[in-house]
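# Coordinate analysis (summary)
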Amino acid sequence: MQGLMQDHPLLISSLLEHAERFHPEAQIVTKSVEGQIERGNWRQLGERARRLAGALAAQGVGQGSVVATLAWNTQRHLELYFAVMGLGAVLHTINPRLSPEHLDFIVNHAEDSYLFFDTTFAPLVEKMQQRFPGVRRFYAMAGADCLATLAPKIRDLGCYETLMEAEPLAHWPQFEEGRAASLCYTSGTTGNPKGVLYSHRSTMLHSCVAAQADLMGASAGATVLLVVPLFHVNAWGLPYAAAMTGAKLVLPGPHLDGASIYALLRDEKVSMAAGVPTIWQMLFQYIDQQGLDPRADLCLETAVVGGSAAPRSMIERFDRQFGAYLLHAWGMTEMSPLGVMNRPLPKHAGQDDEARYALQMKQGRAVFGVRLKIVDDDGLSLAHDGVARGRLLVSGPWVIRHYFKDEQRSVLDAHGYFDTGDIATIDADGYLTLVDRSKDVIKSGGEWISSIDLENAALGCPGIAQAAVIGIAHPKWQERPLLICVRLPGAEAGQAEVLDWLGGRVPRWWLPDAVVFVDSLPLTATGKIYKLGLRALFKDFQLPH
Ligand code: AMP
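We now turn to the structure provided with this report. (Residues numbered from 1 in each chain as written. Predicted model: local features only at pLDDT ≥ 70, side-chain atom pairs only at ≥ 80, totals over all residues. Heavy atoms only, no water.)

## Describing the site of the ligand
So the rule is basically this: Residues are classed as near a molecule or strand on a simple rule: at least one heavy atom within 4 Å of it. Nitrogen and oxygen atoms within 3.5 Å of one another constitute a polar contact, given that in protein one can donate a hydrogen and the other can accept it, and given that sequence-neighbouring residues count only through two side-chain atoms. Note on areas: Shrake-Rupley with a 1.4 Å probe; residue coverage comes only from the protein chains shown. Elements are defined by DSSP. Helices are runs of H or I of four residues or more, strands are runs of E of two residues or more, and each kind is numbered from the N terminus. As a working rule, the residues Ala, Val, Leu, Ile, Met, Phe, Trp, Tyr, Cys and Pro are called nonpolar, Asp, Glu, Lys and Arg charged, and the rest polar, with Gly in that last group.
Near the ligand, the surroundings consist of 16 residues, among which Ala329, Thr333, Gln363, Asp422 and Arg437 are the closest. Taking Ala309, its main chain carries an N or O atom lying 3.1 Å from a nitrogen atom of the ligand. In this structure, an oxygen atom belonging to the ligand sits 2.7 Å away from a side-chain N or O atom of Asp422. About the coverage of the ligand: the protein hides 92% of its 490 Å² of free accessible area. Breaking the shell around the ligand down by element, the ones donating at least two residues are β14 (325–331) and β20 (431–437). Top contributing element to the shell around the ligand by residue count: β14, with four residues. Class assignment for the residues of the shell around the ligand results in five nonpolar, eight polar and three charged.

What follows is the structure, encoded as structure tokens:
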């Protein structure tokens, strides 16, 4: 027997319609590329998205078209989100930090026909344009005055604000919810990047879950600072959650330095901010240099941290210095991205600080809709006892099935699970702890050393700003850990101090065989430490005997 309820397709345009109708005055604040604060709201965004959609539809953009962006977090970028996806075309958000080779590959692989760019990226577009023969038109995301300087340099150039003169689209088209909505490429540390193609349905289901009170908890009373880029996995779904709930959005544009982020947190009274650990480290350094008091200046309640492990020192600092809860999350591009999030259970109420911080270091429990399992090398499920470590497999309605243009090859196992490439434990309460990327774990004497755990411990050491651990080949043990650190400005910590600090905090046999100091660590396009690059850099490193 079939249910007798209405069958509405789950479409992203419905989010915008809802936000315009029920939260028209909820603000969208942008720190523009040029550096000034611009204030919009959902009513204005809705109106402008319909004008943009009208202009794009007049050029033939619709089902099957792919429109690319090379852009920061701004209202214009969000308008493109809703206009392009609302039309039933695909929005391809490009990570501008990719190498020219990868940019060349993905623009051509995705068959982008329009490319919108912030003027910051004009030199990049100028350099790359001949390698993008399929791009029919480039649009500078600025006013018409930009054309005078850019038109002589970039072929087929248009300007974003001129598109706003178009007749607005009268109605968002209706189509089936399985249609593709947006496309993101994985950062591809080895080989070419791979495309992950989200559908309207997967995005909508993910958004409904992401907005839950126990997860990111967007609401009409919340002010959300999106430090996580709109070009990285739809900014973790937060723009959609904001439209659904009417949260105020704060978009920092290209201004991710500590001073700008601090000013936005303070001036816009941000209650929730989301970003990768490297961003928060930069903010902390700024606070220290300026001697600021975040508890007095800010009203931040929640910092959502994912993409890399949140170190204990960061959890503690948000708690003590900001009075804010670090909401630890784990996910990946292939998962839209949400997999697990860490909120305490009622039984954890009243825990002392030590126990609370230890719990927060875990990545969290599965969100509704995501199934997790850990398996051994033979694919057999391992116990959820917090000890057994294995490959982490996932399935769910917003988890990948095939990579884009690779539909012949399933990326799922016989039971429909996707192998994340991560190694994890899961405890009896369902809290997942990420041990390592399987490629990064250090194999020493038949045992594993977690580079994440060692890095977390090293980051607590006074004077250490950043830490990365890689395995170095060893004749007897197969691999031994090398710790590579960046000192805080003015700090003088040396190998002896760091090893001394680690001494009581990690098992003896985990202690790095050497500690080296560098000025900076290479980062991937998504702000993670670029381990592959570090391994290449230290491939001839001789461990002391
Ligand atoms: P990406 O697809 O670029 O978002 O990267 C996903 C990968 O980042 C995951 O497979 C993990 O290896 C890593 N990752 C994401 N969140 C965390 C976290 N909270 N702790 C440790 N690693 C993480």
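## Quick notes on the sheet that holds strand β7 (residues 157–159)
As a reminder of what qualifies: If DSSP finds at least two bridges between two strands, the strands pair. Axes here refer to lines fitted to C-alpha atoms; in helices the fit is confined to the stretch in contact. Angles between the N-to-C directions go from 0 to 180 degrees. Note on contacts: a residue pair is in contact if any heavy atoms of the two residues lie within 4.5 Å.
Spatially, the seven strands line up as an open sheet ordered β7-β6-β5-β3-β4-β8-β9, and their pairing is mixed. The open sheet has two edge strands, β7 and β9 (195–199), and neither has a second partner. Strand-to-strand twist of the sheet, defined as the mean angle between neighbouring strand axes without regard to direction, takes the value 25°. Bridge count for strand β8 (residues 180–185) against β9 is five bridges, and the pairing is antiparallel. If you follow Tyr185 over to β9, its bridge partner there is Gly195. Its contacts with the sheet place helix α3 (residues 75–86) against β3 (66–70), β4 (90–93), β5 (114–117) and β8, and it is angled at close to 150° to β4. Across the face of the sheet, helix α8 (residues 200–210) comes into contact with β8 and β9 while running at roughly 75° to β9.

## Concerning helix α13 (residues 312–322)
Note the cut-off: Buried residues are those whose accessible area, probed at 1.4 Å on protein chains only, stays under 20% of the maximum for their type, while exposed residues exceed 50% and partly exposed ones sit between those limits.
Of the positions making up α13, those classed as buried are Met314, Ile315, Arg317, Phe318, Asp319 and Phe322. Residues of α13 that are buried make contact with α11 (277–290), α12 (294–297), β13 (302–305), β14 and α14 (353–361). Where α13 terminates, the next one or two residues include Gly323, which has phi positive at roughly 65°.

## Some points on α14
Filter applied, for reference: Each C-beta atom gives one direction from the helix axis, and the arc is the one those directions make.
Considered for burial, the residues of α14 that qualify are Tyr357, Leu359 and Gln360. Buried residues along α14 cover an arc of 160° about the axis, so they all sit on one side. If you follow the buried residues of α14, they end up packed against α13, β14 and β20.

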